Amino acid sequence: MRPPTSFGSADVSGPAPMMRVCSASVPAPGRPVNEDLVFRFGPLVGVLDGATVPDGFDTGCVHGPEWYVRHLAARIGVAEAVRPAARLTSNLAAAILAVRADHGGQCDLDHPGTPSSTVCLLRDCGDQVDYLVLCDSPLVLDVGGQVSVVTDDRLDTAMAELRRTVATVPAGTADPVARFRHAVGIQRERMNRTHGYWVAAADPDAAFHAVTGSVPRRGPAALRRAALLSDGASSAVEQFGLTDWAGLLDLLSDDGPAALLGRVREAERDHPDRLRRHKPTDDASVVFCEFEPAG
């Protein structure tokens, strides 16, 4: 396993107090690439989780998920630099549109398997913090001592419906590989559809379907801590039950992001029966932010 990448600790100065940021991101054991990406551009931090392409499936694209998340992160940074006061949805849409051009006309961007990624963003605006969550990379917030999680559960809903649909196929009519291929085909048909789920891919309109909001930086309901997670990291709570969301923030505060990811890897080894998806292990990433109380 490659060592976690980390931003270390950093400060955002200005009229508001400091935001300290640290992160870790590791690929799935035995995999040569990490399709997650963590980044920071000044007051903006983010986690992207590229959708792994199952073996044997076409994407219509000469690039892959790792290429897509790196280009999307870079384009988000450019959009934020050009329009720092714009809504996160607008800058994400601009970034997705710019990545379309980065494909250079080599790819079929209307293909249902075109590279895609979840998006979780947090931006310190001084008096408030804005956030955006698209697909299944959750955001955990400690606001005034009350811990809550911001999720986009449309993928989970679509996957539950998909499992029910596949379950109606008589077991003797298709081998497991054929059933899996059928399931992936149905999932792709529901991507970026009104009654399906939304993810960053080739359609900039997906950005405007993200879950968004703001929390204050000042007063008794001020934001104290935040964690941006790929689903490989959120599995600590959602799949393995190692802790609750408040405990996850405490673990990050006390031991740091790398410790959380280490516990996830242990759980993947010790409790494979609790995995929800076909992959035995996953890339895992977290960005952790701590905010000093405002004066």
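Described in the following lines is the structure provided in the data block. (Residues numbered from 1 in each chain as written. Predicted model: local features only at pLDDT ≥ 70, side-chain atom pairs only at ≥ 80, totals over all residues. Heavy atoms only, no water.)

## A short note on the sheet that holds strand β3 (residues 44-50)
Next up, step 1: Sheet architecture is open: 5 strands sit in the order β2-β3-β4-β5-β8, paired in antiparallel fashion. In this open sheet, the two strands that pair with only one neighbour each are β2 (36-41) and β8 (211-216). Pairwise comparison of adjacent strand axes, ignoring direction, gives a mean angle of 10° for this sheet.
Next up, step 2: As paired elements, strand β4 (residues 117-124) and strand β5 (residues 128-134) share 6 bridges and run antiparallel to each other. Bridge pairing in β5 places Leu122 opposite Tyr131.
Next up, step 3: Running over the sheet, helix α1 (residues 65-82) touches β2, β3 and β4 and is turned about 160° from β3. (Pairing = 2+ DSSP bridges. Helix = DSSP H or I, 4+ residues; strand = E, 2+ residues; numbered from the N terminus. Axes fitted to C-alpha atoms, helices over the stretch in contact; angles between N-to-C directions. Contact = heavy atoms within 4.5 Å.)

## Thoughts on the pairing of β2
Next up, step 1: β2 sits mainly inside the fold: 5 of its 6 residues count as buried.
Next up, step 2: Counting the residues that bridge the hairpin from β2 to β3 gives 2 residues, and of these Gly42 lies at a positive phi of roughly 60°. (Buried < 20%, exposed > 50% of the residue type's maximum accessible area, 1.4 Å probe, protein only.)

## Points about the nonpolar core
Next up, step 1: Within the largest apolar cluster, 24 residues are counted, with the highest numbers of intra-cluster contacts made by Leu72, Leu92 and Val119.
Next up, step 2: Of all the secondary-structure elements, those providing two or more residues to this core are β2, β3, α1, α2 (88-102), β4 and β5.
Next up, step 3: For this core, the leading source of residues is α2, giving 6 residues.
Next up, step 4: Beyond its immediate stretch of four places on either side in the chain, Leu72 contacts Leu48, Leu92, Ala95, Ile96, Val99, Ser117, Val119 and Ala200. (Core = buried A, V, L, I, M, F, W, Y, C linked by side-chain atoms within 4.5 Å.)

## Description of the pattern of salt bridges
Next up, step 1: Under the defined criterion, the tally for this structure stands at 13 salt bridges.
Next up, step 2: Close ionic contact of Arg123 with Asp130 constitutes a salt bridge, the shortest N to O distance being 3.5 Å. In this structure, Arg123 and Asp130 share a single accessibility class: buried.
Next up, step 3: Connected through shared salt-bridge partners, Arg31, Glu35 and Asp283 make up one network. (Salt bridge = Lys/Arg side-chain N within 4 Å of Asp/Glu carboxyl O.)

## What about the packing of α1 against α2?
Next up, step 1: Their axes nearest at 8 Å, the elements α1 and α2 cross at an angle of 130°. On the basis of their axis angle, the class for α1 and α2 is oblique. When the axes of α1 and α2 are compared, the crossing they make is right-handed. Touching Trp67, Tyr68, His71, Leu72, Arg75, Ile76, Ala79 and Glu80 of α1 are Leu88, Asn91, Leu92, Ala94, Ala95, Ile96, Ala98, Val99 and Asp102, all from α2. (Parallel < 35°, antiparallel > 145°, perpendicular 65-115°, else oblique. Left-handed = near helix turned anticlockwise from the far one by under 90°.)

## A short note on the environment of Cys135
Next up, step 1: Mapped onto the elements of the fold, Cys135 is located in the loop between β5 and β6 (139-143).
Next up, step 2: Here Cys135 falls in the buried class, since its relative accessible area comes to 4%.
Next up, step 3: In this structure, the C-alpha to C-alpha distance between Cys135 and Arg154, residues 19 residues apart in sequence, is 7.0 Å.

## Examining the packing of aromatic side chains
Next up, step 1: Within this structure, the stated rule accounts for 1 aromatic pair.
Next up, step 2: Between Phe39 and Phe41, the ring centres sit 5.3 Å apart and the planes meet at 40°, which makes this aromatic pair tilted.
Next up, step 3: Given the relative accessible area of 32%, Phe41 is considered partly exposed. (Phe/Tyr/Trp six-rings, centres within 6.5 Å; stacked < 30°, edge-to-face > 60°.)

## Some points on helix α7 (residues 257-270)
Next up, step 1: With 14 residues, α7 ought to run about 20 Å at 1.5 Å a step, and its terminal C-alpha atoms sit 20 Å apart, in line with that.
Next up, step 2: For α7, the set of buried residues is Pro257, Leu260, Leu261, Val264, Arg265, Ala267 and Glu268. The buried residues of α7 occupy an angular sector of 160° when projected down its axis, which confines them to one face. Within α7, the exposed residues directed more than 90 degrees away from the buried face are Arg269 and Asp270. (Expected span 1.5 Å × (residues − 1). Arc of directions from axis to C-beta.)

## A closer look at unusual backbone geometry
Next up, step 1: Even without being a glycine, Cys135 presents a positive backbone phi close to 70°.
Next up, step 2: Positive phi, close to 55°, is recorded for Asn192, a residue that is not glycine.
Next up, step 3: On the secondary structure map, Asn192 appears in the loop between α4 (176-190) and β8.
Next up, step 4: A residue is classified by how much of its surface remains accessible, and Asn192, at 8% relative accessible area, is buried.

## Topic: the side chain of Glu268
Next up, step 1: In this fold, Glu268 is placed in helix α7.
Next up, step 2: A relative accessible area of 9% places Glu268 in the buried class.
Next up, step 3: Separated by 2.5 Å, the side chains of Glu268 and Thr281 make a polar contact.
Next up, step 4: When near neighbours in sequence (up to four residues on either side) are disregarded, Glu268 contacts Phe240, Pro280, Thr281 and Asp282. (Polar contact = N/O pair within 3.5 Å; in protein donor to acceptor, adjacent residues only side chain to side chain.)

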